[in-house]
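# Examination of the molecular architecture
Below are the chains, spelled out letter by letter.
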Amino acid sequence: MIGAPATPTPTGLFSIIGALRSSPNAFLGSWIRPLTAHSNALQEFEGGDGTVGVHGRGGASLLDPLGSARSHGCIRVSNADIDWLVHRIGAPQLAGIPVRVQ
C-alpha cells in the first residue's frame, strides 16, 4: 500500500484524475486511478511524470504482500477492491473525487 523508503507515497489531499482499464494480470492490475499527487522522489517514472495513483495488482506485483513498503509511491489495492469501487461509482464519475493519503 505504501511506497518504499526511497520512494515514499506523498501525503495530503488529492483528487482522482480518472480511471484507466488495464488487464487484471498486468503489473498495475485491473484499474489504474491516477491522482493529482506527484512523487517527491521521482520526477519521471516509465515515461510518465511521476504521477502517483491507486491501482490493482497483477503479475510480479503479487510477489509483494499488500501493506508492504515496496511500491514506487503508488497505493496498491487488490483487484477485487478496485473493481468494486470503479463499478460502484462508475469510471466516468471518479474524476474529481477527493482522496486523502495519510
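Below, the structure is looked at part by part. (Residues numbered from 1 in each chain as written. Predicted model: local features only at pLDDT ≥ 70, side-chain atom pairs only at ≥ 80, totals over all residues. Heavy atoms only, no water.)

## Regarding the environment of Gln 102
Basically, it comes down to this: Secondary structure elements follow DSSP: runs of H or I of four or more residues count as helices, runs of E of two or more count as strands, with numbering from the N terminus.
Looking at the secondary structure, you find Gln 102 in the segment after strand E6 (98–101). Between the C-alpha atoms of Gln 102 and Asp 83, which are 19 residues apart in sequence, the distance is 23 Å.

## Considerations on the sheet that holds strand E4 (residues 51–55)
This is how the line gets drawn: A pair of strands counts as paired when DSSP detects no fewer than two bridges linking them.
Spatially, E2-E3-E4-E5 is the arrangement adopted by the 4 strands of the open sheet, whose pairing is mixed. The open sheet is flanked by strand E2 (20–21) and strand E5 (75–76), the only strands paired with a single partner. Two elements, E2 and strand E3 (residues 31–38), share 2 bridges in a ladder whose sense is antiparallel. Following the sheet pairing, Arg 21 is matched in E3 by Trp 31.

## Side note on the nonpolar core
Rules: We define the nonpolar core as a collection of buried residues of types Ala, Val, Leu, Ile, Met, Phe, Trp, Tyr and Cys that are connected through side-chain atoms lying within 4.5 Å of one another. We call a residue buried when its accessible area falls under 20% of the maximum for its residue type, exposed when it is over 50%, and partly exposed in between, using a 1.4 Å probe and counting protein chains only.
Judged by nonpolar contacts, the single largest core of 14 residues is most densely connected at Leu 35, Val 54 and Ile 82. Going through the elements one at a time, E3, E4, helix H1 (79–89) and E6 are the ones with two or more residues in this core. Per-element accounting of this core gives the leading share, 3 residues, to E3.

## Regarding the pattern of salt bridges
Any two side chains of opposite charge can pair, so long as their charged atoms come close to each other. Heads up, the condition is: When a carboxyl oxygen of Asp or Glu is within 4 Å of a side-chain nitrogen of Lys or Arg, the pair counts as a salt bridge.
Scanning all chains against the criterion turns up 1 salt bridge. Residues Arg 70 and Asp 64 are paired through a salt bridge, measuring 2.7 Å at the closest nitrogen-oxygen approach. In this structure Asp 64 comes out as buried when scored by relative accessible area, which is 18%.

## Brief notes about the environment of Asp 81
Note that Asp 81 resides in helix H1. As a C-alpha pair, Asp 81 and Gly 18 span 63 residues in sequence and 17 Å in three-dimensional space.

## Brief notes about the side chain of Asn 79
Definition in use: Polar contact criterion, stated in full: a pair of N or O atoms within 3.5 Å, where within protein one must be able to donate a hydrogen and the other to accept it, and residues adjacent in sequence count only if both atoms are side-chain atoms. Any two residues whose heavy atoms approach within 4.5 Å at even a single point are treated as in contact.
With respect to the element layout, Asn 79 can be found in helix H1. Asn 79 gets classed as buried once you look at its relative accessible area, which sits at 17%. Of the polar contacts made by the side chain of Asn 79, one reaches the backbone oxygen of Pro 24; its length is 3.1 Å. Apart from the residues lying within four places of it in its own chain, the contact partners of Asn 79 are Pro 24, Gly 29, Ser 30, Gly 56 and Arg 57.

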